[in-house]
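Observations on chain architecture
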Amino acid sequence: MNGNKLDALTTDALKEFGNIGAGHAATALSILLDGRVTMSVTEARLCPCADIVETVGSDRLVAAVFIRLLGAIPGNMFVLMTLPSADRLLAHMLREARREDDYTELELSAIAEVGNILSGAYVAAISDLCGLNLNQSVPAVAIDMAAAVLDIGLMMSGNENNEAIFISSTLVHEGNHIDTQFFMLPDYDGTDTLLDVLRRKAYYGG
Amino acid sequence: MVDEQQTIRIGIAEGAILTGPGTITTTGLGSCIGLVLFDVIDHVAGMVHVMLPESPSPSPALPQKYADTGIRWLYENVLEAGANRARLKAKYAGGSQMFRGLQTEALRIGDRNIAAVAEHLSQLHIPIVNFDVGGSVGRTIRFELPSRALHIRTARGEERSI
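This section reports on the structure supplied with the text. (Residues numbered from 1 in each chain as written. Chains lettered and ligands numbered in written order. Predicted model: local features only at pLDDT ≥ 70, side-chain atom pairs only at ≥ 80, totals over all residues. Heavy atoms only, no water.)

**Some details on the pattern of salt bridges**
The cut-off we apply is this: The working definition used for a salt bridge is a side-chain nitrogen of Lys or Arg within 4 Å of a carboxyl oxygen of Asp or Glu. Labels follow the DSSP assignment, with helices taken as runs of H or I lasting at least four residues and strands as runs of E lasting at least two, numbered in each case from the N terminus. The classification of residues rests on relative accessible area computed with a 1.4 Å probe and restricted to protein chains. Under 20% of the type maximum is buried, over 50% is exposed, and intermediate values are partly exposed.
This structure, assessed with the given rule, holds eight salt bridges over all chains. With a closest N to O distance of 2.6 Å, R45 of chain A and E43 of chain A form a salt bridge. For R87 of chain B, the salt bridge goes to D42 of chain B, with nearest N and O atoms at 2.9 Å. With R87 of chain B in the loop between α1 (67–80) and β6 (88–94) and D42 of chain B in the loop between β4 (33–39) and β5 (44–50), this pair connects stretches of sequence that are 45 residues apart. In this structure R87 of chain B comes out as partly exposed when scored by relative accessible area, which is 22%. Under the relative-accessibility criterion, D42 of chain B is labelled partly exposed at 33%. Counted as one network, the salt bridges with shared partners bring together D39, D42 and R87 of chain B.

**Looking at the packing of aromatic side chains**
All names here are of chain A. Which entries qualify depends on this criterion: We call Phe, Tyr and Trp rings a pair once their centres come within 6.5 Å, taking the six-membered ring for Trp, and we label the pair stacked below 30 degrees between planes, edge-to-face above 60, and tilted otherwise.
The tally for this structure, following the rule as stated, stands at eight aromatic pairs over all chains. Between F166 and F183, the ring centres sit 4.7 Å apart and the planes meet at 25 degrees, which makes this aromatic pair stacked. Here F166 is found in strand β6 (residues 163–173), whereas its partner F183 is found in strand β7 (residues 176–186), with 17 residues between them in sequence. For the pair F166 and F183, one class covers both residues: buried. Counting every residue linked through ring pairs, the aromatic cluster contains F17, Y122 and F182.

The structure is reproduced here in structure tokens:
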């Protein structure tokens, strides 16, 4: 792969992947949040594994959901939210403002569920676009420094030149903006495999 | 000569050497371990931010990424910077399990990193002064010369020095 310089076809393929995923996610989240949800993709690109932590901000506090991608392209997925975004989301889902300093079990599982829906939407987008058989593990959640939560994903993705698919999106529900960052880190050279099918799909149409 | 304070920051799978007054910082240790080797008399110290217990090859592209090759890299480089072999001591922190309830093998990486660091230090006969490991919390650490204190801060705002 040629680093950060992406050809137009790959850029288009990633954008299409992001948009289809966001569409799936908006539908699922509007049921969960009981109201109209719109989602827009603000960024869709490849991110070298070595730059992921800098992209998020290494000691910034984040709500992180970790999900293992299983099937044709095994890998790791992370859905990250800033704490203000996570708190706005919780206020809507649980219908009350957060009171305690630490997050309760209920709040953590609500965050896990949203992460699960978002990653599930992107996984479904790949399945739709590429006809690949993919599944995901149950979500695990942590609220901590970005670098600390991301390290297990990085250590499993093999060599340093590997790249992650990075989709940044904003979800709008009742005037509230919730920013999410999604990383998909296929094991070994899975990113190449995935991009090949996405590009072919973008080129020949779907 | 002006008494200059050096401020060094290292990222994941990186390492650095400090000679003279200053600090080495690494942020967001999760299951990774930040290890410091220092000379108890001279002002020479170094830090690595290791990610995995074992290198897949004897000379990997990033030796600092693995406990086995990272400790070896740090040991050689602090000696080269003037540390005395007999006066070397170690402090380290990290090795958490950030995600509770994970069903994959990754969940035990923190524990395996802790075990690997202790084992490789013992092989090199380097005494461990103190450590702050395990749990499910991220840590940012800062080692300081000349005090030789390792300051630890967690996401929950706890601070301690070892």
